Amino acid sequence: MAGKFTFLKEEFLIEGEWGGIDLGASMRHLRAGIGAGGSTVSEAAFAALGATSVVLTPVIVEQCEAIRVEFATDDGIWSATLDLAAQHVTYLNMSTGETGEPLLVRPEAGELAAGSFALERMGIPAMETPRGNVTLDTVLVLVYLQQHHAGRSTFGSVSAADMNLTLEVCFGVLDEGAARLKAQAHAARSRATRDATALRKANEQRQKYGLPTSFDLDMEQERYSRAADQHAGDLLRLAQEIEHHQGVLTGRDAEAARGLQAVSSAATAADQAHQTLASLYGRRGLARQRLDVAEAATRPRKHCPECEQPLQGHSSEKGLACPVCGQPDPGLAERQAQRALELTRAKEAAAAVDSELSRAQRCVQSAVDARRKAEQGAQRLAGRAGAYRAQEITPREEARSRARAGESEVRAKLEAVKARRQELAQVAELEKKEASSSRQAEEAAKAWAAAEGEALQHRKQTAKQLSQIFADLVIPMAPDKIRSAVIDPKTLAPKINGRTLKQLARSAGLVSITHTAFHLMVLEAARSMPLVVLPRCQWLDAPLDGLGGGPEGERLAHAVLTVCAEVTGSDAQVILTTPQALPAAPQGLYVTEYDSKRPLIPHARPESDDL
């Protein structure tokens, strides 16, 4: 049976001032309306002990510097102070004045957690096993009915593995030694299964390539190593040859480039010669026009310029006469001599232009011939470089690519052989590991089998006792709705009318009643069953949520509150938060009323939300 654990006081440090509420009574009823902070206070109390699963509301996070709860145990009165900024809890034994070191809420590996220290004060062993853990948060599910869990599964949001172990340990189905034996047997069986599976997969993998021996793999490795070295030698040789021929090709490419430059220069010269020839053709045309004019001027006129009739020759004794009008013309000889001179000059100019044009034509032909010769030389040099590349470099580059691909393939095969060689060594290790884990699993199974029979019998007996307590509590809450109520021996979870809570999910009233009855059952079991290691303390936050309104809801609420009042005794503590008054006043009942104008946290700022 767990030791004594009773809440005495809860306080909050806000702006340097401590204030809060007294909780010391066998049955403390906090009649708190909406906005009074009932859920805030209940969650903060367990957070101060080191719980990690509760989520503090903004009124705590934003306003409070610390939370402090006082509680009584068999070894004296204690206080737990949670520093919200540092997230550590300081425990003080108020009976002896001894103060412990601050304990982190979420400690590093190997350090004692604040929640584990709280479990020790409750008399519950904090356990970490391969099968699950017993922590303050899993025990919290059994001693605190959270309002936001009403209507959900029985055990809230903790993991199934942790909750199963916590139920077995806290209800006394397994003591700490038996729980560890079961966890060790489960873990050893899992390890043996994993090792056997790994060995089977490794052997299946080896079967794909014929189960070679170590000698076979060594021979393959040597063969592939030689082949890889040969490909590497070929690559080195080809790289050297390609480098040499690339040097020769570079020279030939330079010659081809110079040939192209010569083609460009010859083309420029040919263009310039053509431009010169074009200007000479123009000059020749002008010279021929002048020659025609000069020749026409020297020829005698034979026709009249007006009527174009033939002219008859006239002679004059007095001197030369005009051949047209027949009048004396003393300047005729001079003019004829001038015309003859101009004709001679025009012939000479035309002959000079023709000669220069002939020379220019020869220059153009020479330039065209030079360009053609340069083009042929450039084509020859380019073809020579291309032929050299195709003959000397391209085959070696192709051979290098083949050698590189061959080396990659051989090295991949070599790595595969090395991997298979390593797998062979791993198989040997897996065989040893599988044999060892199988032996350990057998030993752990034998150790657990020796205790399992007694544990199974005790589980059935415990479930039977819990079922009787649960039925005596839950049926009076709704006798017209509940025909049978038991605790499942396998899961230690409640069943109503043969149905689990998940199957009752559509009936919110039955789910809420089942939650309340289950927690009261935990309280009664802690009080009456010697092997149950749970504190005789329950904090029920809004257990009537989900019962509905109207006459039916009032009837169910009256029945639930009546049972709560009947269960409470002087040797236990129940803290009940409801907006309703209790229909009965058992001995030791202490009622305080709160609302949004008089909240449970007296010095919190009124404008804060969620109070």
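Preceding this paragraph is the structure being described.
Let me begin by describing the structure that accompanies this report.

Analysis parameters
- Residues numbered from 1 in each chain as written.
- Predicted model: local features only at pLDDT ≥ 70, side-chain atom pairs only at ≥ 80, totals over all residues.
- Heavy atoms only, no water.
- Helix = DSSP H or I, 4+ residues; strand = E, 2+ residues; numbered from the N terminus.
- Contact = heavy atoms within 4.5 Å.
- Areas by Shrake-Rupley, 256 points an atom, 1.4 Å probe, with all protein chains shown as cover.
- Axes fitted to C-alpha atoms, helices over the stretch in contact; angles between N-to-C directions.
- Parallel < 35°, antiparallel > 145°, perpendicular 65-115°, else oblique.
- Left-handed = near helix turned anticlockwise from the far one by under 90°.
- Nonpolar A, V, L, I, M, F, W, Y, C, P; charged D, E, K, R; others polar.
- Polar contact = N/O pair within 3.5 Å; in protein donor to acceptor, adjacent residues only side chain to side chain.
- Core = buried A, V, L, I, M, F, W, Y, C linked by side-chain atoms within 4.5 Å.
- Buried < 20%, exposed > 50% of the residue type's maximum accessible area, 1.4 Å probe, protein only.
- Pairing = 2+ DSSP bridges.
- Salt bridge = Lys/Arg side-chain N within 4 Å of Asp/Glu carboxyl O.
- Phe/Tyr/Trp six-rings, centres within 6.5 Å; stacked < 30°, edge-to-face > 60°.
- Lys NZ or Arg CZ within 6 Å of the ring centre and 35° of its normal.
- Right-handed = clockwise from strand over helix to strand, strands pointing away.

When its secondary structure is counted, the chain shows ten helices and 16 strands. Once local pairs closer than 6 in sequence are excluded, the contacts in the chain between residues at least 24 apart make up 70%. As displayed, the chain has an accessible area near 32400 Å², and 51% of this comes from carbon and sulfur atoms.

Between helix 4 (residues 136-143) and helix 5 (residues 160-170), the least distance of the axes is 9 Å, while the angle of their chain directions is 65°. Classified by the angle between their axes, helix 4 and helix 5 sit roughly perpendicular to one another. Between helix 4 and helix 5 the crossing geometry is right-handed. In this structure, helix 4 uses Thr-138, Val-139, Val-141 and Leu-142 to contact helix 5, whose residues at the interface are Asp-162, Met-163, Thr-166, Leu-167 and Cys-170. In the contact of helix 4 with helix 5, the residues fall into six nonpolar, two polar and one charged.

With that settled, the discussion passes to the side chain of Arg-527. Turning to its location among the elements, Arg-527 is positioned in helix 9 (residues 508-528). Separated by 2.6 Å, the side chains of Arg-527 and Glu-524 make a polar contact. A distance of 2.6 Å separates a polar side-chain atom of Arg-527 from the backbone oxygen of Val-567.

On to the nonpolar core, then. If you look at the biggest cluster of nonpolar residues, it comprises 110 residues, and the most contacted ones within it are Leu-49, Tyr-91 and Phe-171. Looking at which element gives the most residues to this core, the answer is helix 9, with eleven residues. Not counting the four nearest positions on each side in its chain, Leu-49 is found in contact with Phe-5, Phe-7, Val-69, Phe-71, Ala-80, Tyr-91, Ala-114, Gly-115, Ala-118, Met-122 and Leu-136. The next biggest cluster of nonpolar side chains, apart from the first, holds nine residues, and it includes Leu-277, Leu-280, Ala-360 and Val-364.

Attention shifts here to the sheet that holds strand 11 (residues 144-145). Pairing is parallel across the open sheet formed by five strands, whose spatial order is 11-14-15-3-16. The sheet is open, and its two edges are formed by strand 11 and strand 16 (589-594), each paired on a single side. Bridging between strand 3 (residues 27-32) and strand 16 involves six bridges; their strand directions are parallel. The residue bridging Arg-31 from the neighbouring strand is Glu-593, located in strand 16.

As a further point, take the pattern of salt bridges. In total, this model carries 20 salt bridges according to the counting rule given. Among the ionic pairs, Arg-31 bridges to Glu-593, the shortest N-O distance being 3.4 Å. In this pair, Arg-31 sits in strand 3 while Glu-593 sits in strand 16, placing the two residues 562 residues apart along the sequence. Looking at Arg-31, the relative accessible area reads 29%, which means it is partly exposed. In this structure Glu-593 comes out as partly exposed when scored by relative accessible area, which is 46%. Of the charged contacts, one joins Glu-241 and Arg-396 as a salt bridge, the two residues approaching to 2.7 Å between their closest N and O atoms. Taken together, the residues span a long stretch of sequence, with Glu-241 in helix 7 (residues 214-298) and Arg-396 in helix 8 (residues 332-474) at a distance of 155 residues. In the salt-bridge network here, residues are joined through shared partners; they are Asp-234, Arg-237, Glu-241, Glu-392 and Arg-396.

Along helix 5, eight of the eleven residues are buried, which leaves the element largely enclosed by surrounding structure. Taken residue by residue, helix 5 has Asp-162, Met-163, Leu-165, Thr-166, Leu-167, Glu-168, Val-169 and Cys-170 as its buried positions. Gly-172 sits one or two positions beyond helix 5 and adopts a positive phi of about 75°.

What follows deals with the environment of Ile-482. Relative to the helices and strands, Ile-482 is located in the loop between helix 8 and strand 12 (485-487). Judged by relative accessible area, which is 3%, Ile-482 ranks as buried. For the pair Ile-482 and Leu-510, spaced 28 residues apart in the sequence, the C-alpha separation amounts to 8.4 Å. In this structure, Ile-482 is in contact with Val-474, Ile-475, Ile-496, Asn-497, Leu-510 and Ile-513, ignoring residues within four places of it in sequence.

Counted according to the given criterion, the structure contains eight aromatic pairs. Residues Phe-5 and Phe-7 carry aromatic rings whose centres are separated by 5.4 Å and whose planes lie at 85° to one another, so their mutual orientation is edge-to-face. The exposure class of Phe-7 is buried, given its relative accessible area of 0%. Of the aromatic side chains, those joined through ring pairs into one cluster are Phe-5, Phe-7, Phe-46, Phe-71, Tyr-144 and Trp-539. The cationic tip of Arg-121 hangs over the ring face of Trp-78; the distance from NZ or CZ to the ring centre is 5.0 Å.

What follows concerns the environment of Gln-538. Within the element layout of this structure, Gln-538 appears in strand 14 (residues 537-541). Along the backbone, Gln-538 and Thr-6 are 532 residues apart, and their C-alpha atoms lie at a distance of 9.3 Å.

Let us look at the pairing of strand 5 (residues 76-83). Looking along a regular strand, one sees side chains alternate from face to face of the sheet. Here eight bridges tie strand 4 (residues 64-73) to strand 5, and the two strands are oriented antiparallel to one another. Looking at strand 5, one finds that Ala-66 is bridged to Asp-83. Connecting the antiparallel pair strand 4 and strand 5 is a turn made up of two residues. As defined by bridge partners, strand 5 adjoins strand 6 (residues 88-93) across six bridges and the pair is classed as antiparallel. When the sheet's bridge partners are listed, Ala-80 is paired in strand 6 with Tyr-91. Hairpin connection from strand 5 to strand 6: four residues lie between these consecutive antiparallel strands, with Gln-87 at a positive phi of about 55°.

This next bit is on the pairing of strand 14. The element strand 14 is extensively covered by neighbouring structure, given that five of its five residues are classed as buried. What you see with strand 14 is no split at all: Cys-537, Trp-539 and Asp-541 on one side and Gln-538 and Leu-540 on the other are buried throughout. In this sheet, strand 14 lies alongside strand 11 in parallel orientation, the contact comprising two bridges. Its bridge partner lying in strand 14, Leu-145 is registered against Leu-540. Summarising the sheet, strand 14 and strand 15 (residues 573-578) pair through five bridges and their orientation is parallel. By the bridge assignment for strand 15, Trp-539 is matched with Ile-575. Taken together, strand 14, helix 10 (residues 550-567) and strand 15 form a β-α-β motif whose crossover is right-handed.

On to helix 1 (residues 38-48). Across the eleven residues that make up helix 1, a large majority, ten, are buried. Regarding helix 1, the residues found buried are Gly-38, Thr-40, Val-41, Ser-42, Glu-43, Ala-44, Ala-45, Phe-46, Ala-47 and Ala-48. Backbone geometry just after helix 1 places Gly-50 at a positive phi near 115°.

Coordinates in, geometry out; function isn't part of it.
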